[in-house]
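Architecture and fold: a report
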Amino acid sequence: MSFKAVLRSIFFLLILFVMLYVGMNNTQRIGFRFPGVLKDTLTAAAGLIYFGVFAVGVIAGTILTAGSGGGRKGGGSREK
């Protein structure tokens, strides 16, 4: 396993800990509006809404960084 993978895992666990901490300390209900997508105001615990927004961001970031994978894995040239 590479050092870069371990560092990413530690960083991701740190972010998850911060989310857990925020969720435990923000239990009051808040309203969330997203004009054009949600017709009504979504009312839920602040920590839950925070988690939802974070999850959408993680999924979007994963999709954007994964890319289509159109290149070759070998990295060699195409010359004959």
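Each helix and strand in the chain was counted, giving two helices and two strands. Along the chain, from the amino end to the carboxyl end, the secondary structure elements read α-β-β-α. Classification of the 80 residues of the chain by burial places 6% in the buried group. Long-range contacts, defined here as pairs at least 24 residues apart, represent 19% of the contacts in the chain between residues at least 6 apart. Accessible surface, the chain: about 7,200 Å² in total, of which carbon and sulfur atoms supply 67%.

On the surface, Phe11, Leu14, Phe17, Val18, Leu20, Tyr21, Met24 and Tyr50 cluster together to form a nonpolar patch covering roughly 870 Å² of accessible area. Element by element, the count of residues in the nonpolar patch is highest for helix H1 (residues 3-25), at seven residues. Here Met24 is to be found in helix H1.

Our focus in this paragraph is helix H2 (residues 46-66). The end-to-end C-alpha separation of H2 is 30 Å, in line with the 30 Å expected for 21 residues at 1.5 Å each. For H2, the set of buried residues is Ala46, Gly47 and Ile49. Within H2, the buried residues cover an arc of 160° as seen down the axis, which keeps them to one side. Summarising the geometry of H2, the exposed residues directed more than 90 degrees from the buried face are Leu48, Val56, Ile59, Ile63 and Ala66.

What follows covers the confidence of the model for the chain. With 82% of its residues at a pLDDT of 70 or more, the chain shows a mean pLDDT of 80. At the low end of the mean pLDDT range in the chain sits H2, at 84; at the high end sits strand E1 (residues 29-32), at 88.

Enumeration over the complete set of coordinates arrives at two aromatic pairs. Measuring from centroid to centroid gives 6.5 Å for Phe32 and Phe34, while their planes differ by 45°, and the two rings are tilted. With a relative accessible area of 26%, Phe32 lands in the partly exposed category.

Looking now at the layout of surface pockets. Here the largest pocket is characterised by a volume of approximately 230 Å³. Taken together, Arg8, Phe11, Phe12, Ile15, Phe54, Val58, Gly61, Thr62 and Thr65 form the lining of the largest pocket. Elements with a minimum of two residues in the lining of the largest pocket: H1 and H2. For the lining of the largest pocket, the element with the most residues is H2, which contributes five residues. Considering only residue class, the lining of the largest pocket consists of five nonpolar, three polar and one charged.

Basis of the calculations
Residues numbered from 1 in each chain as written. Predicted model: local features only at pLDDT ≥ 70, side-chain atom pairs only at ≥ 80, totals over all residues. Heavy atoms only, no water. Helix = DSSP H or I, 4+ residues; strand = E, 2+ residues; numbered from the N terminus. Buried < 20%, exposed > 50% of the residue type's maximum accessible area, 1.4 Å probe, protein only. Contact = heavy atoms within 4.5 Å. Areas by Shrake-Rupley, 256 points an atom, 1.4 Å probe, with all protein chains shown as cover. Patch = residues over 30% accessible without salt bridge, like charges linked within 9 Å, V, L, I, M, F, W, Y side chains within 5 Å. Salt bridge = Lys/Arg side-chain N within 4 Å of Asp/Glu carboxyl O. Expected span 1.5 Å × (residues − 1). Arc of directions from axis to C-beta. pLDDT = per-residue confidence, 0-100. Phe/Tyr/Trp six-rings, centres within 6.5 Å; stacked < 30°, edge-to-face > 60°. 1 Å grid on protein atoms, 1.4 Å probe; cavity = no way out; pocket = protein on both sides within 12 Å on 5 of 7 lines; lining within 4 Å. Points joined across faces, edges and corners; volume = space filled by probe spheres on them. Nonpolar A, V, L, I, M, F, W, Y, C, P; charged D, E, K, R; others polar.

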